Amino acid sequence: MDTIINNVYGTWRAEKNWKTPTFVDKVEGVYMYDENGDKYIDFSSQLMCSNLGHGNKALIDGIKKQAEKAAYIAPGFADETKATATEALLKIVPEGLENFFYSTSGTEANEAAVKAARLFFEDEGKFKIISRYHSYHGATTTSVTLTGDPRRWWAERVKNTVPGIRHAPDPYCYRCPFDKEYPDCDVQCARYYKYMIEEEGNVAGILFEPIVGTNGKIVPPDEYYPILREICDEHDVLMIDDEVMAGGYRTGKPFAIDHWDVKPDMMTMAKGITGAYTPLGATATTQEIRDYFEENVFCHGHTYAGHPLCLSGVAPAIKEYEKLFNTNKPQEVAEYLKERLYELGENHISVGDVRGKGHFWGLELVKNRETKEPFDVKSDKFRKTLMTDKVAAEAMKNGVYVVNWYDHLAITPPLTITKEEVDDAIEALDEALEISDKKAEKTDTPVSKSSDGIIH
Ligand SMILES: Cc1ncc(COP(=O)(O)O)c(C=O)c1O
């Protein structure tokens, strides 16, 4: 353990804050176990990626088989995993997405998407990309510039960002940036892109998380993506859908954009497409974009682009998702999870808003439900111990691992979780939320449930 603490970097933290990480000794189903044999429910699927739980035999066998056959083949060659992974993905991506570039992370998938979009519009000189404030798109220079959360601020401080990226207001109905209410707002947050594109000029793409992940589990109103599609079409701007976290069946459909039946021009994927059994990133494009690169150089690549071991996770994972959804169990548990989370929110005065879809939920904590005064704000991240840190630490003590951001808890369990396991996790959270309740003010305002834009 000492070698880990002293010789390995913990991520996104001052290293002094990584002195006592839990040592994970074993993982199985929705559980992880530490070196003392203590058991924790993985209520966040590690980093919202172990969507099929731990120890899935079909996946392990598929990866083993590939390791024995060929652990590595250079990107310039064709091989069977490239074909089987691509065939499996073609069956689930929205119609019109037909070509894939493979990498090893969500970050790389987004870097590739942005470079491809800029190359595609090179002759017209269109290079700007609009993303959103409540977003995370990755850790390297372009993807962290796309990011709206404080990780970009840190990158900006050391000038480690790229030009040409702008941020748009979010479809965040619980705290509308336009101070309006749905539906009277006429979905201003979507319409504002038109203004941005026309005022900015040279916009090549709009990149977004269809349901915001790390930065809030924010679900836009139903009109949002159809409006965005229309604006992109009118202005010849590419619609780039970052499904790294919300994809991989997490919201009950292969990809979150499927809830609105809108077809993006590019899609980026990672995490859930292999259930995190192998590290894979994928950037999908339309045939029109691929056609452009028939003559023009797609000047991009990695040693591990199309790594057979990474790709070997795709086909078995998709098969496992289909099998699982055919039992109807994840659909039933998702409904049950929603009800239990609403109930949890109703019972705790420090829960301001409960929102999400499928197995993708957030509990936003507030000091006061009526004023929506938060415990902590964006600029507090990385600077102090947050209320959500305290609640998550207490949940861990109670045997439940839950990821937290500065304003909310991420309730994103594996899709294999049962109702009984949900009950156990909710019981632990129920206790943990006493910590924030003690610091919250009692009001008559009920908990908000903003999953469809409407504050119920
Ligand atoms: C929406 C989104 N895009 C991109 C990324 C970056 O993916 P990775 O951490 O695999 O580089 C993440 C990671 O959480 C994400 O949630």
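In this text, all values refer to a predicted model and were calculated from it rather than measured experimentally.

Engineer: Let's hear about the domain arrangement of the protein: which residues, and what values?
Structural biologist: Once the domains are mapped, the protein shows domain 1 (2–55 + 327–438) and domain 2 (57–323). Taking only C-alpha atoms, the centre of domain 1 and the centre of domain 2 are 25 Å apart. Across the contact, 40 residues belong to domain 1 and 45 residues belong to domain 2. Interface area for domain 1 against domain 2, summed over the two sides, is near 3300 Å², with a carbon-plus-sulfur share of 61%. It is Leu52, Phe360 and Lys378 in domain 1 that bury the most area against domain 2; as a group they hold 22% of the surface buried on that side. Between Arg175 and Glu364 there is a salt bridge, with its nearest N and O atoms 2.8 Å apart.

Engineer: With reference to specific residues and values, describe the packing of helix H8 (residues 188–200) against helix H9 (residues 224–235).
Structural biologist: The geometry of H8 relative to H9 is characterised by a closest axis approach of 8 Å and an angle of 20 degrees between their N-to-C directions. Between H8 and H9, the crossing angle belongs to the class labelled roughly parallel. The chirality of how H8 crosses H9 is right-handed. Facing Cys189, Ala190, Arg191, Tyr193, Lys194, Ile197 and Glu198 of H8, the residues of H9 in contact are Tyr224, Ile227, Leu228, Ile231, Glu234 and His235. Here the contact of H8 with H9 is composed, by residue class, of eight nonpolar, one polar and four charged.

Engineer: Talk me through the side chain of Thr286; I want residue IDs and the actual numbers.
Structural biologist: Considering the arrangement of structural elements, one finds Thr286 in strand S10 (residues 281–286). Not counting residues within four places of it along the chain, the set of residues in contact with Thr286 comprises Gly96, Leu97, Glu98, Asn99, Pro264 and Asp265.

Engineer: Explain the nonpolar core residue by residue, including any values.
Structural biologist: Judged by nonpolar contacts, the single largest core of 64 residues is most densely connected at Leu89, Ile206, Tyr225 and Met269. Setting aside its immediate chain neighbours within four residues, Ile206 contacts Ile130, Tyr193, Ile197, Leu228, Cys232, Val237, Leu238, Met239 and Ile240.

Engineer: Can you tell me about the sheet that holds S10, naming the residues and giving the values?
Structural biologist: Pairing is mixed in the open sheet, where seven strands are placed in the order S4-S10-S9-S8-S7-S5-S6. Each edge of the sheet is formed by a strand with only one pairing partner; in this case those strands are strand S4 (97–103) and strand S6 (165–168). With direction set aside, neighbouring strand axes in the sheet form an average angle of 20 degrees.

Engineer: Quick rundown of the packing of helix H5 (residues 106–120) against helix H10 (residues 287–295)? Include the residues and the values.
Structural biologist: Taken N-terminus to C-terminus, the directions of H5 and H10 make an angle of 65 degrees; their axes are 10 Å apart at the nearest point. The angle between the axes of H5 and H10 places the two elements in the roughly perpendicular class. Crossing angle aside, the handedness with which H5 passes H10 is left-handed. Two secondary-structure elements touch here, H5 through Ala116, Leu119 and Phe120 and H10 through Glu288, Ile289, Tyr292 and Phe293. Split into classes, the residues belonging to the contact of H5 with H10 amount to six nonpolar, no polar and one charged.

Engineer: Tell me what's going on with the packing of aromatic side chains, and back it up with residues and numbers.
Structural biologist: According to the stated counting rule, one finds 19 aromatic pairs in the structure shown. Both rings, one in Tyr224 and one in Tyr225, keep their centres 4.9 Å apart while their planes meet at 85 degrees; by these two values the pair is edge-to-face. When sorted by exposure, Tyr224 lands in the same class as Tyr225, which is buried. An aromatic cluster is defined as three or more aromatic residues linked by ring pairs; in this entry it consists of Phe101, Phe120, Phe121, Tyr292, Phe293 and Phe298. Stacked on the ring of Phe121, the Lys or Arg Lys126 has its end atom at 4.4 Å from the ring centre. If you follow Lys419 out to its NZ or CZ, it ends over the ring of Tyr336, 5.6 Å from the centre.

Engineer: Talk me through helix H12 (residues 314–326); I want residue IDs and the actual numbers.
Structural biologist: For H12, with 13 residues, the first-to-last C-alpha span of 18 Å sits near the 18 Å given by 1.5 Å per residue. Of the residues making up H12, those classed as buried are Val314, Pro316, Ala317, Ile318, Glu320, Tyr321, Leu324 and Phe325. Of the surrounding elements, those touching the buried residues of H12 are helix H3 (57–69), helix H4 (80–92), helix H11 (308–311) and helix H13 (329–347). Following H12 by one or two positions, Asn328 adopts a phi angle in the positive range, close to 70 degrees.

Engineer: Tell me about the side chain of His408, and please be specific about residues and values.
Structural biologist: Mapping His408 onto the fold places it in strand S16 (residues 408–411). A distance of 3.0 Å separates the side chain of His408 from the side chain of Lys217, its partner in a polar contact. Setting aside residues up to four positions removed in sequence, His408 forms contacts with Gly213, Thr214, Asn215, Gly216, Lys217, Gly362, Leu363, Glu364, Thr388 and Val403.

Parameters and conventions
- Residues numbered from 1 in each chain as written.
- Predicted model: local features only at pLDDT ≥ 70, side-chain atom pairs only at ≥ 80, totals over all residues.
- Heavy atoms only, no water.
- Domains from an automatic or database assignment.
- Contact = heavy atoms within 4.5 Å.
- Buried area = accessible area lost by both parts, 1.4 Å probe.
- Salt bridge = Lys/Arg side-chain N within 4 Å of Asp/Glu carboxyl O.
- Axes fitted to C-alpha atoms, helices over the stretch in contact; angles between N-to-C directions.
- Helix = DSSP H or I, 4+ residues; strand = E, 2+ residues; numbered from the N terminus.
- Parallel < 35°, antiparallel > 145°, perpendicular 65-115°, else oblique.
- Left-handed = near helix turned anticlockwise from the far one by under 90°.
- Nonpolar A, V, L, I, M, F, W, Y, C, P; charged D, E, K, R; others polar.
- Core = buried A, V, L, I, M, F, W, Y, C linked by side-chain atoms within 4.5 Å.
- Buried < 20%, exposed > 50% of the residue type's maximum accessible area, 1.4 Å probe, protein only.
- Pairing = 2+ DSSP bridges.
- Phe/Tyr/Trp six-rings, centres within 6.5 Å; stacked < 30°, edge-to-face > 60°.
- Lys NZ or Arg CZ within 6 Å of the ring centre and 35° of its normal.
- Expected span 1.5 Å × (residues − 1).
- Polar contact = N/O pair within 3.5 Å; in protein donor to acceptor, adjacent residues only side chain to side chain.

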